[in-house]
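Chain residues, written in single-letter form:
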Amino acid sequence: MLPVRLDRARPTPLPAQLAAAVRGLVTDGTLTTGDRLPSSRALAADLGVARAVVEQAYDQLLAESWVETRRGSGTFVASGEVLPTAAPPPWPATREPQYVRLDAGTPWIDPRHLAGWRRAWREVSAAVPPRGYPDPRGLPDLREALAERLARTRGLTVEPDEILVTAGTTDGLRQLLGALGPGGVLVEDPGYRAAVETVRSAGRAVVDHPALLPVTDLAGCAAAYVTPAHQHPLGRVMPAADRLALLAAARDAGAVVVEDDYDSEFRYDVAPVPALAALDRSRVAYLGTASKSVSPSLRLGWLVAPPSLNEDLVRRRAVTHDTPPWPSQHALLTLLRDGWVDKVVRTARRVYADRAPRVAAALAPHAQPAGPLAGMYSTWLTDPASAERARAAGHAAGFDVPLLADYCRRADRTGLVVGFGGVTDVELARALDAIVGGLAEG
């Protein structure tokens, strides 16, 4: 058996403790390349824990390439070709330090689901690509699957031909802005920085609007960009009265409301709030993305524009061929049809529901939450000096912690935006220790 002890009194989850212990045994030479680890059943019995604890630890080590599995033989310390080094070599003096970024947009993908991802790409390799340029709206079967999913999960009933497959949220926003009349774009402040840059790149003025105040006037604006399901980055759900006020202002000004349905699938405190577009299809353009449920690197999303703009958008895309690659679309179709996306979302939601309270328990004595606990990140209000100390402490430990001030333009808000989706449990524990240490210094 392994010389490992687990401490139930520690706040670190037992699977994370076990995974850390095995890493230590590898780096100190107790375990070497090719050594066979005990079976999950045997190790669980020896440690007096549930078998699931050992399985989760082994899954984590497998995802990090510390171990490898051999069909019918068991789990072994990984070969030298894939085994992580105990300590990375020093970076050259001219190279920037590499940090694990606690960003608000990288999701958790359970390593146990990777087989479905590989199966989807095998299907792509065997599929027959379309002749010539593909449908400017996107792969027809994918749009049908997305229409079904929007109706089932977001309360938004649309026809497949009303959906345009995009290369992500900002691509959908860019294409939409090209079809609108003159005018600036109202953007929440603090708000999504990529949206701000997209608006500016389109040659339009950014109209700053305090994020938590209702929008009652859109005079002179062509559009208003909002994140009503989970305001980015403050986390609030837009109240019903504010939604109605925004739609009324858009109707009065002849403007379009651009709904970025950011992070909507990952509520674990309440049921997901229906999409704003379900209230007024004629006035709201809906943006969705696969980045939070599948992978940011897939670069796929979807746009449901108001019917009055749809024909012009399709015409432009038919001329520019501005559609995402067919193989990526086909892969997403397979993932949706197989139920893989639903499974990944359910698993990630459980992980976030477990991690969010851990983050809150660590930070609440030192900072104030900006909104409810939901999604894959939480935002914490502090004074500027405390935020800078926490970020510096994070850097010293190898983590990059985004500052709330970086999301602000005119808003005077300071604090931290702590993402917990794109890290392991062990990394999260280390990051929180560093952040709390920085905050406690004050």
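For the structure itself, look to the data block above.
Calculation criteria
- Here the residue index of a chain counts from 1 through its sequence in written order.
- The predicted origin of the model limits local features to residues at a pLDDT of at least 70 and limits the giving and counting of side-chain atom pairs to 80 or more, whereas totals for whole chains, interfaces and linings rest on all residues.
- In computing side-chain values, all of the structure's heavy atoms are included and hydrogens and water are not.
- The disulfide definition used here is simple: a pair of cysteine sulfur atoms within 2.5 Å.
- Burial classes: relative accessible area under 20% of the type maximum marks a residue as buried, over 50% as exposed, and values in between as partly exposed (1.4 Å probe, protein chains only).
- Here is the rule: rings of Phe, Tyr and Trp (six-membered ring for Trp) pair when centre to centre is within 6.5 Å. Planes less than 30 degrees apart are stacked, more than 60 are edge-to-face, and the remainder are tilted.
- Elements are defined by DSSP. Helices are runs of H or I of four residues or more, strands are runs of E of two residues or more, and each kind is numbered from the N terminus.
- Any Lys NZ or Arg CZ found within 6 Å of a ring centre and within 35 degrees of that ring's normal is scored as a charge over the ring.
- Paired strands, as defined in this entry, are two strands with at least two bridges between them according to DSSP.
- Note on contacts: a residue pair is in contact if any heavy atoms of the two residues lie within 4.5 Å.
- An axis is simply a line fitted to the C-alpha atoms; with a helix, the fit covers only the stretch in contact. Between two such axes, the angle follows the N-to-C directions and lies from 0 to 180 degrees.

> Talk me through the state of the cysteines; I want residue IDs and the actual numbers.
Inspection of the entire model under this criterion finds 0 disulfides. Lacking any disulfide linkage, cysteine 221 is separated from the closest cysteine sulfur, that of cysteine 408, by 20 Å. Judged by relative accessible area, cysteine 408 falls into the buried class, the value being 15%.

> Describe the packing of aromatic side chains, and please don't skip the residues or the numbers.
What describes a pair of aromatic rings is the distance from one ring centre to the other and the angle between the planes of the rings. All told, the structure shown has 4 aromatic pairs when counted by the stated rule. Ring plane angle 40 degrees and centroid distance 6.4 Å describe the contact between tryptophan 117 and tryptophan 340, whose orientation is recorded as tilted. Placement of the pair is tryptophan 117 in helix H4 (residues 114-126) and tryptophan 340 in helix H11 (residues 340-363), with a sequence separation of 223 residues. A residue is classified by how much of its surface remains accessible, and tryptophan 340, at 5% relative accessible area, is buried. Ring geometry for tyrosine 262 against tyrosine 377: centres 6.2 Å apart, planes inclined by 55 degrees, an arrangement best described as tilted. With tyrosine 262 in the loop between strand S8 (256-260) and strand S9 (284-289) and tyrosine 377 in strand S12 (residues 377-381), the pair connects residues that are 115 residues apart, well separated along the chain. When its relative accessible area of 5% is taken as the criterion, tyrosine 262 is described as buried. Among the aromatic residues, ring-to-ring pairing joins Trp117, Trp121 and Trp340 into one connected group. Across the ring face of tyrosine 407, the terminal group of arginine 193 is positioned such that the distance to the ring centre comes to 4.2 Å.

> Describe the sheet that holds strand S11 (residues 368-369), with residues and values.
On the basis of which strands lie adjacent, the open sheet formed by 3 strands has the order S11-S12-S14 and antiparallel pairing. Of all strands in the sheet, those bounded by a partner on one side alone are S11 and strand S14 (415-419). Relative to S12, S11 runs antiparallel, the two sharing 2 bridges. In the strand pairing of S12, glutamine 368 is matched with leucine 381. Together, S12 and S14 form the strand contacts of H11, whose direction differs from that of S12 by roughly 15 degrees.

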